[in-house]
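Each chain is listed here by its residues.
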Amino acid sequence: MARPRKPLLSRDRIIETASALVDAEGLDAVSTRRLAAELGVSGPSLYNHFRNKDEILDAVADAVSARVDLSMFDEDDGRDWRTALHDWAVSYRAALSAHPHTVPVLARGPGRRPAGLKVADAVFGAMVRAGWPPAQATSIGALMRYFITGSALGSFARGFVDDASAYDPADYPHLGQAHLLADRQEQVDEGAFETGLRALLDGLAMQYETVAQDAAAQGTLRRPPKSA
């Protein structure tokens, strides 16, 4: 009887296996030796698809970027720039929250990663179409990435132990309920993200009024519908 054939090694199989390792054990769990063992292949065979571990981790991170919804930035979508940024930020954070160990790689920027570059291109292009000057559109992309990746690096609520005795009122008179935060992680963290996001967008909307007025005075802005 013929022996069953092993599944062919492919980039997708390597990325899938590496992603599972990162999710379960963190970035340090990934090595070519470990991946080869998990895949049931010899170590050198991985080099037919990736030159080194860093390329593998880049591919793992890019797979996360590929899950981010960008439809709100399509020219025919109809959402104004503020709503588009809000909806994209929510999708982006959801993708990162599902794979938190990849956040340090993504925080370094897109580099040469195709999906990461598509995200940057979509945000920048949409902001320029909305009337933001290119320099400010670049700043918006940067500050949104800082805010979103920062929010996904860890849980604020989980940073507090659930032991009430840790918060002696003599030392911490305002932390009498801090031991309850861990049990309310989703409520606290999601609420904080939404509060921060809306505050950030409110600030951008104020800046946009100035940009729009200056451009209108120069006759250079075809203004989109007023943001919500």
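Rules of the game
Residues numbered from 1 in each chain as written. Predicted model: local features only at pLDDT ≥ 70, side-chain atom pairs only at ≥ 80, totals over all residues. Heavy atoms only, no water. Helix = DSSP H or I, 4+ residues; strand = E, 2+ residues; numbered from the N terminus. Rg over C-alpha atoms; globule rule 2.2 N^0.38 Å. Contact = heavy atoms within 4.5 Å. Areas by Shrake-Rupley, 256 points an atom, 1.4 Å probe, with all protein chains shown as cover. Lys, Arg positive; Asp, Glu negative; His and termini not counted. Charge placed at Lys NZ, Arg CZ, Asp CG, Glu CD. Phe/Tyr/Trp six-rings, centres within 6.5 Å; stacked < 30°, edge-to-face > 60°. Buried < 20%, exposed > 50% of the residue type's maximum accessible area, 1.4 Å probe, protein only. Axes fitted to C-alpha atoms, helices over the stretch in contact; angles between N-to-C directions. Parallel < 35°, antiparallel > 145°, perpendicular 65-115°, else oblique. Nonpolar A, V, L, I, M, F, W, Y, C, P; charged D, E, K, R; others polar. Core = buried A, V, L, I, M, F, W, Y, C linked by side-chain atoms within 4.5 Å. Salt bridge = Lys/Arg side-chain N within 4 Å of Asp/Glu carboxyl O. Expected span 1.5 Å × (residues − 1). Arc of directions from axis to C-beta.

Now for the overall build of the protein chain. A tally of helices and strands in the protein chain yields 8 helices and 0 strands. Each helix (α) and strand (β) of the protein chain, taken in turn from the N terminus, gives the series α-α-α-α-α-α-α-α. The C-alpha radius of gyration computed for the protein chain amounts to 22 Å, which surpasses the reference 17 Å derived for 228 residues by more than 25%, pointing to a less compact arrangement than a globule. Oriented by its inertia axes, the alpha-carbon framework of the protein chain measures out at about 80 × 60 × 30 Å. Within the protein chain, counting contacts between residues at least 6 apart in sequence, those at least 24 apart form 69% of the total. When the accessible surface of the protein chain is split by element, carbon and sulfur atoms take 53% of a total near 13500 Å². Once the 25 positive and 30 negative side-chain charges of the protein chain are each reduced to a mean point, those two points are 9 Å apart.

Under the criterion given, the structure shown has 7 aromatic pairs. Ring geometry for W81 versus W132: centroids 5.4 Å apart, planes at 90°, classification edge-to-face. Residue W81 is found in helix 4 (residues 81-98), and its partner W132 is found in the loop between helix 6 (114-129) and helix 7 (134-152); the two are separated by 51 residues along the sequence. On the basis of relative accessibility, which here comes to 2%, the residue W132 falls in the buried class. Every member of this aromatic cluster is reached through a ring pair, and the members are F73, W88 and Y92.

Another point: the packing of helix 1 (residues 11-25) against helix 3 (residues 53-65). Two elements in contact, helix 1 and helix 3, have axes separated by 9 Å at closest approach and are oriented at 85°. Looking at the two axes, helix 1 sits roughly perpendicular to helix 3. Facing helix 1, whose interface residues are R11, I14, I15, A18, S19 and V22, helix 3 presents I56, L57, A59, V60 and A63. Split into classes, the residues belonging to the contact of helix 1 with helix 3 amount to 9 nonpolar, 1 polar and 1 charged.

A separate point is the packing of helix 7 against helix 8 (residues 185-218). When two helices pack together, their arrangement is captured by the angle between the axes and the distance separating the axes. Two elements in contact, helix 7 and helix 8, have axes separated by 11 Å at closest approach and are oriented at 170°. The angle between the axes of helix 7 and helix 8 places the two elements in the roughly antiparallel class. Contact residues: Q136, I140, L143, M144, F147, I148 and S151 in helix 7; F193, G196, L197, L200, L204, Q207 and V211 in helix 8. The residue makeup of the contact of helix 7 with helix 8, split by class, is 10 nonpolar, 4 polar and no charged.

This brings us to the nonpolar core. Counting residues in hydrophobic clusters, the biggest one holds 37 residues, and the most contacted among them are F73, W81, L85, W88, M127, W132 and M144. Elements with a contribution of two residues or more to this core: helix 3, helix 4, helix 5 (103-106), helix 6, helix 7 and helix 8. Looking at this core element by element, the count peaks at 9 residues for helix 8. Residues contacting M144, with those up to four places away along its chain left out, are L85, W88, A89, L197 and L200.

For the structure on display, the rule yields 9 salt bridges. One salt bridge in this structure joins R82 and D202, with 2.6 Å as the shortest N-O distance. Residue R82 is found in helix 4, and its partner D202 is found in helix 8; the two are separated by 120 residues along the sequence. A relative accessible area of 14% means that R82 is categorised as buried. Owing to a relative accessible area of 37%, D202 belongs among the partly exposed residues under this scheme. A salt bridge links E190 to R93; the shortest N-O distance between them is 2.9 Å. One end of the pair, E190, is in helix 8; the other, R93, is in helix 4, and 97 residues separate them in sequence.

The end-to-end C-alpha separation of helix 7 is 27 Å, in line with the 27 Å expected for 19 residues at 1.5 Å each. Residues A137, I140, M144, I148, T149, S151 and A152 constitute the buried set of helix 7. Each buried residue of helix 7 lies within a common arc of 155° when the element is viewed along its axis, so the set occupies one face. The outward face of helix 7, more than 90 degrees from its buried face, is lined by the exposed residues A135 and Y146. Summarising the contacts, the buried residues of helix 7 are in contact with helix 4, helix 5, helix 6 and helix 8.

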